[in-house]
Amino acid sequence: MHEVEVGSVPLAKLAVLLPNERATRLEESAAQARETFGDRVIWHVSATAHGGGVAEMLQTLLAYGQGAGIRNRWLVLDGDRPFFTITKRIHNLLHGDPGDGGALGPAERAHYAAVLGPNLDDMFGLVTPGDLVLLHDPQTAGLVEPLRSRGLHVAWRCHVGRDTPNELSALGWDFLRPFLAHAEQFVFSRRVYAPEWIDPARLVVIPPSIDPFSTKNLDLSEDAVGAVLATAGLVTGAEPGVVSFTRRDGGRGTLRLGSGVVLDGVAPPHDARLIVQVSRWDRLKDMPGVMAAFALMAQRRPDDSTHLMLAGPATAGVSDDPEGALVLTECQEAWQALPPVVRQRVHLAAIPLDDVDENAIVVNALQRHAFAVVQKSLVEGFGLTVTEALWKGKAVVASKVGGIQDQIVDGVDGLLIEDPRDLEACAAALGRLLDEPDLAPRLGKAARERVLADFVGDRHLEQYVDLFSRLVGAGKAPVVGPAIR
Ligand code: UDP
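Let us look at the structure shown here. What you are looking at is a predicted structure, and each value in this text was computed from that prediction instead of being measured. (Residues numbered from 1 in each chain as written. Predicted model: local features only at pLDDT ≥ 70, side-chain atom pairs only at ≥ 80, totals over all residues. Heavy atoms only, no water.)

### Brief notes about the packing of aromatic side chains
One pass over the structure, following the stated rule, counts 13 aromatic pairs. Measuring from centroid to centroid gives 5.8 Å for Phe175 and Phe179, while their planes differ by 45°, and the two rings are tilted. Here Phe175 pairs with Phe179, and both are found in helix α7 (residues 167-180), just four residues apart, close to one helical turn. Considered together, Phe175 and Phe179 belong to a single accessibility category, that of buried residues. Taking the centre distance of 5.6 Å and the plane angle of 45° together, the rings of Tyr464 and Phe468 count as tilted. In this pair, Tyr464 and Phe468 are both assigned in helix α17 (residues 457-476), four residues apart and thus about one turn of the helix distant. (Phe/Tyr/Trp six-rings, centres within 6.5 Å; stacked < 30°, edge-to-face > 60°. Helix = DSSP H or I, 4+ residues; strand = E, 2+ residues; numbered from the N terminus. Buried < 20%, exposed > 50% of the residue type's maximum accessible area, 1.4 Å probe, protein only.)

### A short note on the nonpolar core
Phe37, Leu234, Leu366 and Phe468 are the most contacted members of the largest nonpolar core, which has 83 residues in total. A total of eight residues in this core trace back to one element, the largest contributor, which is helix α3 (residues 53-67). What Phe37 contacts, discounting residues up to four positions off in sequence, is Ile42, Ile70, Leu132, Val465, Phe468, Ser469 and Val472. Counting residues in hydrophobic clusters, the runner-up holds 45 residues, among them Val41, Leu120, Trp173 and Phe186. (Core = buried A, V, L, I, M, F, W, Y, C linked by side-chain atoms within 4.5 Å. Contact = heavy atoms within 4.5 Å.)

### Quick notes on the layout of surface pockets
As a volume, the largest pocket reaches approximately 290 Å³. Along the walls of the largest pocket sit 17 residues, with Glu222, Val225, Gly226, His270 and His369 positioned nearest its centre. Among the secondary structure elements, those contributing two or more residues to the lining of the largest pocket are α8 (222-232) and α12 (356-369). The element best represented in the lining of the largest pocket is α8, accounting for five residues. Within the lining of the largest pocket, the residues separate by chemical class into eight nonpolar, four polar and five charged. (1 Å grid on protein atoms, 1.4 Å probe; cavity = no way out; pocket = protein on both sides within 12 Å on 5 of 7 lines; lining within 4 Å. Points joined across faces, edges and corners; volume = space filled by probe spheres on them. Nonpolar A, V, L, I, M, F, W, Y, C, P; charged D, E, K, R; others polar.)

### Here we look at the site of the ligand
The ligand sits among 16 residues. The nearest are Gly53, Arg280, Lys285, Leu384 and Glu388. One nitrogen or oxygen atom from the main chain of Gly52 is found 3.5 Å from an oxygen atom belonging to the ligand. For the ligand, an oxygen atom lies 3.1 Å from a polar atom in the backbone of Thr385. Within the residue set of the shell around the ligand, elements represented by two or more residues are α3, β12 (307-313), α12 and α13 (384-391). (Near = heavy atom within 4 Å. Polar contact = N/O pair within 3.5 Å; in protein donor to acceptor, adjacent residues only side chain to side chain.)

### Details of empty space enclosed by the protein
Unoccupied space between atoms shows up once a probe the size of one water molecule is rolled over them. With the rule as written, the count across this model stands at four cavities of 30 Å³ or more. Considering the residues around the second largest cavity, the lining is formed by 19 residues, among which Gly65, Ile70, Leu461, Tyr464 and Val465 are closest to the centre. Mapped by element, the contributors of at least two residues to the lining of the second largest cavity are α2 (20-37), β2 (42-46), α3 and α17. The biggest single contributor to the lining of the second largest cavity is α17, with five residues. Looking at the lining of the second largest cavity, its residues break down into 14 nonpolar, four polar and one charged.

### Some points on the pattern of salt bridges
For the structure on display, the rule yields 30 salt bridges. The shortest N-O distance in the salt bridge between Glu436 and Arg432 comes to 3.1 Å. Taking relative accessible area as the criterion, Glu436 reaches 34% and is therefore assigned partly exposed. Overall, Arg432 belongs to the partly exposed group, its relative accessible area being 36%. (Salt bridge = Lys/Arg side-chain N within 4 Å of Asp/Glu carboxyl O.)

### Some details on the sheet that holds strand β4 (residues 132-136)
Remark on secondary structure: sheet strands pair via backbone hydrogen bonds, oriented parallel or antiparallel. If you walk across this open sheet you meet the seven strands as β1-β3-β2-β4-β5-β6-β7, and the pairing is mixed. Edge strands, defined here as strands with exactly one partner in the open sheet, are β1 (2-4) and β7 (203-205). Adjacent strand axes in the sheet meet at a mean angle of 25°, parallel and antiparallel pairs treated alike. (Pairing = 2+ DSSP bridges. Axes fitted to C-alpha atoms, helices over the stretch in contact; angles between N-to-C directions.)

### Examining α12
With 14 residues, α12 ought to run about 20 Å at 1.5 Å a step, and its terminal C-alpha atoms sit 20 Å apart, in line with that. For α12, the buried fraction is high: 13 of the 14 residues fall into the buried class. Of the residues flanking the start of α12, the one acting as N-cap is Asp355, its side-chain oxygen 3.2 Å from the backbone nitrogen of Asp357. (Expected span 1.5 Å × (residues − 1).)

### Points about the packing of helix α9 (residues 287-299) against helix α15 (residues 423-435)
Viewed as axis vectors pointing N to C, α9 and α15 meet at an angle of 55°, and their least axial separation amounts to 8 Å. Classified by the angle between their axes, α9 and α15 sit oblique to one another. Handedness of the crossing formed by α9 with α15: right-handed. Contacts from Gly289, Ala292, Ala293, Leu296 and Met297 in α9 reach Leu423, Glu424, Cys426, Ala427, Leu430, Gly431 and Leu434 in α15. Broken down by class, the residue content of the contact of α9 with α15 amounts to nine nonpolar, two polar and one charged. (Parallel < 35°, antiparallel > 145°, perpendicular 65-115°, else oblique. Left-handed = near helix turned anticlockwise from the far one by under 90°.)

Shown next as structure tokens:
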């Protein structure tokens, strides 16, 4: 187990963006939290410090918590490759996907528990009875019971899920269920993700959020976007420069030359219209499907010169995702198989994660540079990449799955593809954006307003205060029976 340093950001920074009544409510909620939690520490435990939506949110929400005078700390599990292979298997199953098809039997259960043992020992050296713990995702489920028996209040949050359970998702839940019996609260991004055996009285729905002031989302001028992308090496025909950027902790960083690596070819021209998908290299994000839909669209528009960029982390950076390198290789093979006229307009980019702030500024610039952003996920817990693009006023074309349905109203603030595997529909949506010049700006304007209304951190922070208050409240009364039925 190792700790991630969390900075401190005053709530006032966020409040500037909010209508008065929301800013006041946020301050009131923070005051309530200080009074209710006092000296208790709120511990978050996750599987990785960077790469993916959970890390993204913890970095910013905890900093606001600190700024509000709440004692948050963030611990990250240490695990070996077999552990993360097992937990990725569970992750895929919860999404209803077979993943690597491997077993989840007694041997996997034993290894899962064995890896969590030393993590628990580390944690026991840090926590105090009465502290509050929010465990994130399947990797941490095995910590519930031991932490409860040490007198901690424990909630478990699952960031993944499936709209309609299937046999595979049931297998994933069968593995987790025994570990979760004593969690006092459960958090899901959508209500339908919760299995029916969870006591509804202990179930809280909290959709994710973004921070408009994080390095990933802060406003950038057009010049700054161009400079970042040229220096990172993600566009050609523009001059690289010395580019500095604001880090999460408020410090300054300098972008390394060539910090985005375009694999298998040259970067797109800086003045080309660019369609972008940013994702981990995960099969369920369907990067090859985006390529195939783009190819359909491009072949039907011989005069168009739009490019596509599929960007994801340099695969060495994501410790909890053993599939990443394999999926990236599959994407490279799919790229090779494209007709040459299309291939020269499709780009795969890997963005290193060794410096998360640098990664964030590059992703920010890429999303801002995009003419349209795609998220063609086959399933999706929530899809922070969608929120990030909507916030940047982009036209988003996304699958009508999971949390994406909560973010986009089709035709109003984005375009939804009914069946995520329907390449024709995806190609048609992209073609519509190219053919109707007013459409992308109209969707983009509504998109930004929607994010400000529903997916900015104040709502999320207030929901966390409610959740942790429930936990403290639950601690006063004896816990009656297990939380699962
Ligand atoms: N992300 C990133 N660099 C990358 C790829 C993804 O910073 O190369 C970020 C992305 O901007 C978003 C998060 O990782 O903040 C992905 O979250 P999402 O909810 O979309 O999907 P998840 O990876 O959690 O399944």
